[in-house]
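Here's the letter readout for the chains.
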Amino acid sequence: MIASLVATLDKDIADLSEIVSRISCIPGVELSDAKAVTHRFPVMIDSPDPDSLEEITRRLQQIPGVAFVDVVFVHFEDESDSVPVTPSGKPTCL
Amino acid sequence: MSRDPEPRSDALQRRDFIKASAMAAAAAIAGGTSFALPILADEPASGVDWQKAPCRFCGTGCHVQVGVQEGKVVAIAGDRNAEVNKGLLCVKGYHVGAALYGKDRLTKPLLREGDNYREISWEEAIRTIADRIQAEPNRFAFYGSGQWTIPEGYAAQKFMKGGLSNNHIDPNARLCMASAVTGFLATYGVDEPAGCYDDLDACDVLIMWGNNPAEMHPVLFSRVIDRRSRGEKVTLIDIGTRRTRTTEACQHYLEMKGHGDLAIANGIAHLLIKNGTYSQKFVDSFCSFKAPDDANPNLHGKTISFDEYKSLLEPYTPEHVESLSGVPAEQIRMLADLFGNPKLKITSLWCMGMNQHTRGTAINTMVHGIHLLSGHFGTPGNAPTSLTGQPSACGTVREVGTLSHALPGGMVVADAEHRKMAEDIWRVPPGRINGTAGHHTVKMWESFCTPTSQGGDIGTIWVQVTNPGQTLPNLNKLFNPKGDNKAGLEDKFLIVSDVYPTATTRLADLILPSAMWVEKNGMVGNSERRTQQWFKMVDPPGEARDDCWQTIAVAYELHKRGIEGMKDRDGQFLFEVRNADGAAVPIWDWEHYYDTNVDEHLFEEYRKFSRFKHKDLAPYGEYVKARGLRWPVVETNGQWRETHFRFAEGFDPYVAAGKEIQFYHSSTHDDRAQIWFHPWIAPAEVPDQDYPFMLCTGRVLEHWHSGSMTRRIPELSRAMPGAYAELHPEDAATHGLRNGDRVKMESRRGSLVIPVWIDGRGKPPRGTVFVPFFDETLLINDLTLDAVDPFSKQPDYKKAAVRISKVPS
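Residues numbered from 1 in each chain as written. Chains lettered and ligands numbered in written order. Predicted model: local features only at pLDDT ≥ 70, side-chain atom pairs only at ≥ 80, totals over all residues. Heavy atoms only, no water.

Secondary structure assignment for chain A yields two helices and four strands. In sequence order, the secondary structure elements of chain A are arranged as β-α-β-β-α-β. The burial tally for chain A puts 48% of its 94 residues in the buried class. For chain A, contacts bridging at least 24 residues in sequence account for 71% of all contacts bridging at least 6. (Helix = DSSP H or I, 4+ residues; strand = E, 2+ residues; numbered from the N terminus. Buried < 20%, exposed > 50% of the residue type's maximum accessible area, 1.4 Å probe, protein only. Contact = heavy atoms within 4.5 Å.)

The next point concerns the overall build of chain B. Within chain B, the regular secondary structure consists of 26 helices and 31 strands. Relative to the 2.2 N^0.38 estimate, which gives 28 Å for 809 residues, the radius of gyration of chain B is 26 Å and therefore close to what a compact globule would have. When the 809 residues of chain B are sorted by exposure, 66% land in the buried category. Taking the contacts inside chain B whose residues are at least 6 apart along the sequence as the reference set, 72% of them involve residues at least 24 apart. Carbon and sulfur atoms make up 49% of the accessible area of chain B, which amounts to about 27000 Å² in all. Counting 90 positive and 100 negative side-chain charges, chain B places the averaged centre of each group 2 Å from the other. (Rg over C-alpha atoms; globule rule 2.2 N^0.38 Å. Areas by Shrake-Rupley, 256 points an atom, 1.4 Å probe, with all protein chains shown as cover. Lys, Arg positive; Asp, Glu negative; His and termini not counted. Charge placed at Lys NZ, Arg CZ, Asp CG, Glu CD.)

Residues and elements named next belong to chain B. In terms of nonpolar packing, the biggest core is built from 141 residues, with Val66, Trp209, Ile264, Tyr309, Leu373, Trp517 and Val518 touching the most fellow members. Here this core gets nine residues from one element, more than from any other, and that element is helix α9 (residues 260-274). Once residues lying within four places of it in the same chain are set aside, the contact partners of Ile264 are Trp209, Ile239, Met256, Val321, Ser325, Val327, Ile332 and Leu335. (Core = buried A, V, L, I, M, F, W, Y, C linked by side-chain atoms within 4.5 Å.)

Residue and element names in this part refer to chain B. In this structure, the amide linkage connecting Trp631 to the following residue, Pro632, adopts the cis form with an omega of -5°. Along the chain, Pro632 falls in the loop between β22 (629-630) and β23 (634-636). Of note in this structure, Val465 is not a glycine but carries a positive phi near 50°. Structurally, Val465 is set in the loop between β17 (460-464) and α19 (468-471). In the Ramachandran plot, Lys793 falls in the positive-phi region, its phi being about 65° despite a non-glycine side chain. With relative accessibility at 29%, the residue Lys793 sits in the partly exposed group.

Here we come to the pattern of salt bridges. Residue and element names in this part refer to chain B. Counted according to the given criterion, the structure contains 55 salt bridges over all chains. In this structure, the salt-bridge partner of Glu446 is Lys477, at a minimum N-O distance of 3.8 Å. Note that Glu446 is positioned in helix α18 (residues 441-448) and Lys477 in helix α20 (residues 475-478), a separation of 31 residues in sequence. According to the relative accessible area criterion, Glu446 is partly exposed, its value standing at 31%. For Lys477, a relative accessible area of 35% corresponds to the partly exposed category. Shared partners join several salt bridges into a network, and the residues in it are Glu83, Asp198, Asp201, Arg223, Glu528, Arg530, Arg630 and Glu642. (Salt bridge = Lys/Arg side-chain N within 4 Å of Asp/Glu carboxyl O.)

Residues and elements named next belong to chain B. Checked against the element boundaries, Glu685 lands in the loop between β25 (673-676) and β26 (693-698). Taking relative accessible area as the criterion, Glu685 reaches 9% and is therefore assigned buried. A distance of 2.7 Å separates a polar atom in the side chain of Glu685 from the backbone nitrogen of Ala801. Dropping the residues within four chain positions of it, Glu685 is found in contact with Met694, Arg748, Arg749, Leu785, Lys799, Ala800 and Ala801. (Polar contact = N/O pair within 3.5 Å; in protein donor to acceptor, adjacent residues only side chain to side chain.)

As summarised here, the arrangement of the seven strands in space is β2(A)-β3(A)-β1(A)-β4(A)-β3(B)-β2(B)-β1(B), forming an open sheet in which the pairing is antiparallel. Two strands in the sheet have a free side with no partner beyond their single neighbour: β2 (29-31) of chain A together with β1 (49-54) of chain B. Averaged over all pairs of adjacent strands, the angle between their axes in this sheet comes to 30°, without regard to strand direction. With six bridges joining them, strand β2 (residues 63-69) of chain B and strand β3 (residues 72-78) of chain B adopt antiparallel strand pairing. The residue of β3(B) that forms the bridge with Val66(B) is Ile76(B). Along the sheet, helix α1 (residues 16-24) of chain A contacts β1 (2-9), β2, β3 (40-46) and β4 (66-75) of chain A; its crossing angle with β2(A), the most-contacted strand, is approximately 145°. Packed on one face of the sheet, helix α7 (residues 218-229) of chain B meets β1, β3 and β4 of chain A and runs near 130° to β4(A). (Pairing = 2+ DSSP bridges. Axes fitted to C-alpha atoms, helices over the stretch in contact; angles between N-to-C directions.)

A word on the sheet that holds strand β20 (residues 522-525) of chain B. Residue and element names in this part refer to chain B. Taken in spatial order, the three strands make up an open sheet running β20-β21-β22, and their pairing is antiparallel. Because the sheet does not close on itself, it has two edges, and the strands there are β20 and β22. Examined bridge by bridge, strand β21 (residues 530-534) and β22 share two bridges and lie antiparallel to one another. When the sheet's bridge partners are listed, Arg530 is paired in β22 with Arg630.

A few words on the domain arrangement of chain B. All names here are of chain B. According to the domain assignment, chain B consists of domain 1 (10-89), domain 2 (110-164 + 434-524 + 535-593), domain 3 (178-387) and domain 4 (693-807). Facing the 10 residues of domain 1 at the interface are eight residues of domain 3. Regarding the contact of domain 1 and domain 3, the summed buried area is about 600 Å², with carbon and sulfur atoms giving 57% of it. When residues of domain 1 are sorted by the area they lose upon contact with domain 3, Thr60, Val84 and Lys86 head the list and together hold 55% of the total. (Domains from an automatic or database assignment. Buried area = accessible area lost by both parts, 1.4 Å probe.)

Residue pairs spaced three or four apart in an α-helix point in one direction, given the helix's 3.6 residues per turn. An ideal rise of 1.5 Å per residue puts 20 Å on 14 residues; helix α21 (residues 547-560) of chain B measures up with 20 Å between its terminal C-alpha atoms. Following α21(B) by one or two positions, Gly562(B) adopts a phi angle in the positive range, close to 85°. (Expected span 1.5 Å × (residues − 1).)

The geometry of an aromatic ring pair is captured by the separation of the ring centres together with the interplanar angle, meaning the angle of the planes. Residues and elements named next belong to chain B. Applying the stated criterion to the full structure yields 41 aromatic pairs over all chains. Centroid distance Phe609 to Phe612: 6.5 Å. Interplanar angle 70°. Geometry classified as edge-to-face. Of the aromatic side chains, those joined through ring pairs into one cluster are Phe184, Tyr188, Phe282, Phe286, Phe377, Phe647, Tyr654, Phe663 and Tyr664. A cation over an aromatic ring shows up here: Arg242 above the ring of Phe770, its NZ or CZ 3.5 Å from the ring centre. (Phe/Tyr/Trp six-rings, centres within 6.5 Å; stacked < 30°, edge-to-face > 60°. Lys NZ or Arg CZ within 6 Å of the ring centre and 35° of its normal.)

This is how it looks when you write it as structure tokens:
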């Protein structure tokens, strides 16, 4: 799965390079060439499956200085299993 | 010697392109660059066709870009051209495309035979419905939703009220925002918010009344949080009955008891008057006062003087309010001080907390009243605004009027003049529209589940785009009577159009497979009066077909049988559509349904209604070009201009010059809004010795309402697989419960066994439990209460007394 996110950083970040370094260390994550001149940082994720995508997103959110993460784009063409919704088998009235 | 690089495969090139597109989209959003999406559409090499559509889920109305390749939705991106979401999407939004591809989509009409279903043709399905209606036209009811598109709801409305002279049509929105409607009507004489989402960009203070936008409307909430991240000062206040993700982002959390909001609102008003900090100029110029008319209860109550209003508020001192609401007196004073400061811009937001309330109309009017009393109204950032949970609760239910008492454009069946105007637009004979309101939702289902011999006067219900088998309150009474109570219901017949099997289809006699979202054309209207349009992009699976077509096909079957109501004044079919050459297009025949744009035909007819209450809509083509337009949309110098703020001079074209503020649909016909007093009244059911806990139900971020779509999206289902009961740690300890233990939860109406979650996402106070309703395997609405607000007829899903006991492992 390929996705892109915008990580919004806390406004009083002391060391931007430290955050960039931490984000770059996450496997599957690519940062934009553009320098983060604002408090919003574009990130692209190339992950083998949805679980990895979620895990990477979670790791991003946990980096100190990252206020929150918004997802902008998801390419989900790759097949994923549908989740069956189990009926509770309640009696019918009709 | 240099060597050319190995040529990359098409697949790799394509993957690179997708990655580049993904990064470009994020960079565009992050950088706030002036160029706009669709940057994605400009790259022909991708093979992906990108088109716009509003998201399928909530009432925020975010726009997405939908990427289609080889007849399948393959990608979703936020739409930076959309003012609502500015390119951002929530977790549900970016998975919305996958909602189409659950593996158990309904693809064929199914007719119940005993305990089994038989596949039947559409022809047989349509005949079966027509048989039921023809046999007992007055015992037929149509139950829809705020997920009906505007044309779908309009077709159903016209079919019922303009065709069958039958007003038994109501939507599930009765369960989620009916009290907001009555609140607006009682205050301004006309429905829907005056403000819009722009207020979120301008307010200094945002007060959320029983509202959890961090999970339910996350894109709107992040819009405010984003401002704070940029260093702006925005004070966020959460008034609620449990801590939520919204609370975590707020500077102030005011934890109240159920119905505490009634006392808090009175407490604020009391202090504004006592401290002399209300806006006398605004009140004197633009407001009148009202109180309930106990001798003759009605939506518009009785007029009172300012002195009477002041006198009624006297008992609501901060200390008394504290005793009623549980909110400390100092916090009541803090709220009053904020409202008493004219320099601040204050926006209030609410949704289910104030609407699913047996005094929902009252609390809605009271929050409007605080804004009016303090003058925090009519300028950007100063607005009382209700949010909706469904994509077209406003556009279809409130504006098309798919309620049992309503007609399109804010008109009502009880008004002879309104009926005449509707009959003229529909070109049906005078007297065709019945002047008596039909059954509201709770009454409709109660009647359906009552044997005919005992007065149950609804025999057949056709459900479209909703899941009442999961979302009605007190399900054991209103949907699925148990034991002996189900005897005598053999003559009842339930028809359900849906996209997936649900708790409702499980009891259906006839199941119809529907097209969803971008499998059909559509138009919806969001919480800020914004009407949005999209085109069909992919085919529905199997034999699934548009709900609108289903309604028109049944109407035509009845027309063929000579049913008078299916003809207009000229003897033509009620849904006659002609092409540019004047030739009739047989839209009742699925093969020809898309020979023309049925949505456009229906919308252009419906648009005529929009003028009556100054909710003017633009021609269909304007919505094709836009990411939605906020009504009233008025043509000025050849341009169609939307309206950001109603009733305010300079923004609203219907406000006369020099008026500043003009409530031009005032119920007192003097351009004034009504400031209401209502007393604090206890909830319909409160905890006692036998049922010592207060149950609150609601939603979660990952799932949209009953979960019939989002539970089929693997990523969302894995993130939130099943329902749970949130408990306070001390209550859990008292009952010997640890995380994951199961409890039996019982109310006077039903029970279920459910795992507990202590210190989870939400944190209820002692004596309160919270259970989300998205899980069809754990039907919490077996336990909820079906008591309703006296005016809106909306039930209270937030307050029911329950008890819990540990289930041995």
